[in-house]
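# Report on the structure
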Amino acid sequence: MKKKKWFRLDNAALIFPAIMKRRWNNVFRISVSLEEEVDPETLFRALNSLRHRFPTFFVRLKTGFFWYYLEEISGDVPVVAEYAYPLTHLSRRQLSKCCIRVLYYENRFAVEFFHSVTDGTGGAVFVKNLTAAYLNLKYGVCGCFSDGIADPLEPPPPGELTDRFPECAGEYPVPEEDTRVYRLRGTPEPDRFRHLTTGVVPTDELIAVSHRHGVTVTAFLAAVMAEAVAKVQAENRPRRAWKPVRIMVPVNLRRLFGVDTLRNFVLTVTAGFEPKLGEYSFDEICQIISRTLALKATRQHMAAKIEANVRPAENRIIRAMPVFIKNPVMRLVYHFVGERVGCINISNLGNVTFPAPCDAYVRRFEFIIGVQYSYPNNCSVVSCQGKTFINMIRSTRESELERLFFSRLVELGLPVDIESNKRR
């Protein structure tokens, strides 16, 4: 019998199995909408044709004595008709069979990834290649291995399978950030329903408006979000109780360190302001966030953050702990440190392109991250085909944050088309 391959979890992935709970795990979704209805049989064949080239995606979560790990699955990954709202819960039992879920509905297919497998960049590479494989089987669109499309018959480069965190760690860890920030709250949906509101804006106009304020698109959207969060706080708390507003922004470390991997290789930095200190104009918020991101998203600072994450995992005492002891310890640490430094994420995947033969068949490309472990809202952004898709997700009934955020974009001169999975 052939021995199954297995993969150690990368450094960023170690936390996710430990902090999973009955109503939450860290899963994100990437979807593609085509010009014609999806053929599920062709999608199934395309998906499983990628096993040789992308082995770290065809895995299940296993529990070892000291650590969790990923093991290749022996059977094919199924494709399933979409049956509920995006990012329905992936249970431990489901993860023990496969760590990705592939869904289709009319002209759209989606892949939902357990975060221990990869990050948004790695997920985008996989979904782009799935799209190319599907179009090749369905329409004969093939032979164009560019714009991130790989030859499925070639073996994966070793670097794609490698945990890059240890080799990029600095000599000294960065000090912990102040954790006193405003926490978004709301009335939880009792059935775990996830409300999704999507704002669609023209990418060129978004870039132009951002540049008029002297910042990048990511800094601009983070500033709009920070302003909206500050208004929510002002409506719900007296000024004497106001806390700092900080936005968490994931940084793709591949560009900083000049390495490539399809494992997780992203860490977050925070940027924001102290509303209690006085009034801030929008341009002042933009500049504060832009300069903070520029200061923190450097090779030196991120190497120090990597070292702060890598060092505990290499501690002999922690390494020697059985997983049933590690789990509550890691949960406790994550509860007090993991998400306490920010109010909400803005994860911008950037502009996604396809090679010309595939491009004509693709209508849109979307990226949705789930709600966080300890707060009910999140935001993810991706651009494709000249449009930027801003997805805001929440697990609570209150929609004030979305209203403030998208209304502000309109006030700043951006046309925004709103889509929602709002219940009837």
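It should be noted that the structure appears before, not after, this text.
The sections below set out a description of the structure shown in this document. (Residues numbered from 1 in each chain as written. Predicted model: local features only at pLDDT ≥ 70, side-chain atom pairs only at ≥ 80, totals over all residues. Heavy atoms only, no water.)

Right, let's get into the overall build of the protein chain. Each helix and strand counted, the protein chain has 14 helices and 15 strands in total. Relative to a compact globule of 424 residues, whose C-alpha radius of gyration would be 22 Å, the protein chain shows 21 Å and is just as compact. Along the first, second and third principal axes, the C-alpha set of the protein chain runs to 65 × 55 × 45 Å. Within the protein chain, the proportion of its 424 residues that are buried is 54%. A total of about 19,300 Å² of accessible surface is found on the protein chain, and carbon and sulfur atoms cover 53% of it. (Helix = DSSP H or I, 4+ residues; strand = E, 2+ residues; numbered from the N terminus. Rg over C-alpha atoms; globule rule 2.2 N^0.38 Å. Buried < 20%, exposed > 50% of the residue type's maximum accessible area, 1.4 Å probe, protein only. Areas by Shrake-Rupley, 256 points an atom, 1.4 Å probe, with all protein chains shown as cover.)

So, about unusual backbone geometry. Its identity as a non-glycine residue notwithstanding, Arg-192 has a phi of 70°, on the positive side. If you trace the backbone, Arg-192 turns up in the loop between α5 (165-168) and β8 (195-202). You can call Arg-192 partly exposed: its relative accessible area is 25%. If you check the backbone angles, Gln-385 has positive phi at about 55° while not being a glycine. Its location among the elements puts Gln-385 in the loop between β13 (377-384) and β14 (387-394).

Residues Phe-65, Phe-66, Phe-324, Ile-325, Val-329 and Val-333 make up a contiguous nonpolar surface patch of about 580 Å² in total accessible area. Along the chain, Val-333 falls in helix α12 (residues 323-338). (Patch = residues over 30% accessible without salt bridge, like charges linked within 9 Å, V, L, I, M, F, W, Y side chains within 5 Å. Salt bridge = Lys/Arg side-chain N within 4 Å of Asp/Glu carboxyl O.)

This part covers the environment of Phe-257. Structurally, Phe-257 can be placed in helix α8 (residues 253-257). Judged by relative accessible area, Phe-257 falls into the buried class, the value being 10%. Contact partners of Phe-257, with chain neighbours within four places excluded, come to Cys-168, Phe-265, Arg-299, Met-302, Ala-303 and Ile-306. (Contact = heavy atoms within 4.5 Å.)

Along the chain, Arg-403 turns up in helix α14 (residues 400-411). Residues Arg-403 and Trp-242, 161 residues apart in the sequence, show an inter-C-alpha distance of 21 Å.

A separate point is the packing of aromatic side chains. Taken as a whole and judged by the stated rule, the model has 19 aromatic pairs. With centroids separated by 6.0 Å and ring planes inclined at 70°, the aromatic side chains of Phe-57 and Phe-113 adopt a geometry described as edge-to-face. Taken together, the residues Phe-57 in the loop between α2 (40-48) and β3 (59-63) and Phe-113 in strand β7 (residues 108-114) connect sequence positions 56 residues apart. As far as the burial class goes, Phe-57 and Phe-113 line up, both buried. Ring centres of Tyr-139 and Tyr-361 lie 4.7 Å apart, and the angle between their planes is 25°; on these two criteria the pair is classed as stacked. With a gap of 222 residues between them, Tyr-139 in helix α4 (residues 120-139) and Tyr-361 in the loop between α13 (356-359) and β12 (362-369) connect regions that are remote in the sequence. (Phe/Tyr/Trp six-rings, centres within 6.5 Å; stacked < 30°, edge-to-face > 60°.)

Take it as geometry only, folks, not as evidence of what the structure does.
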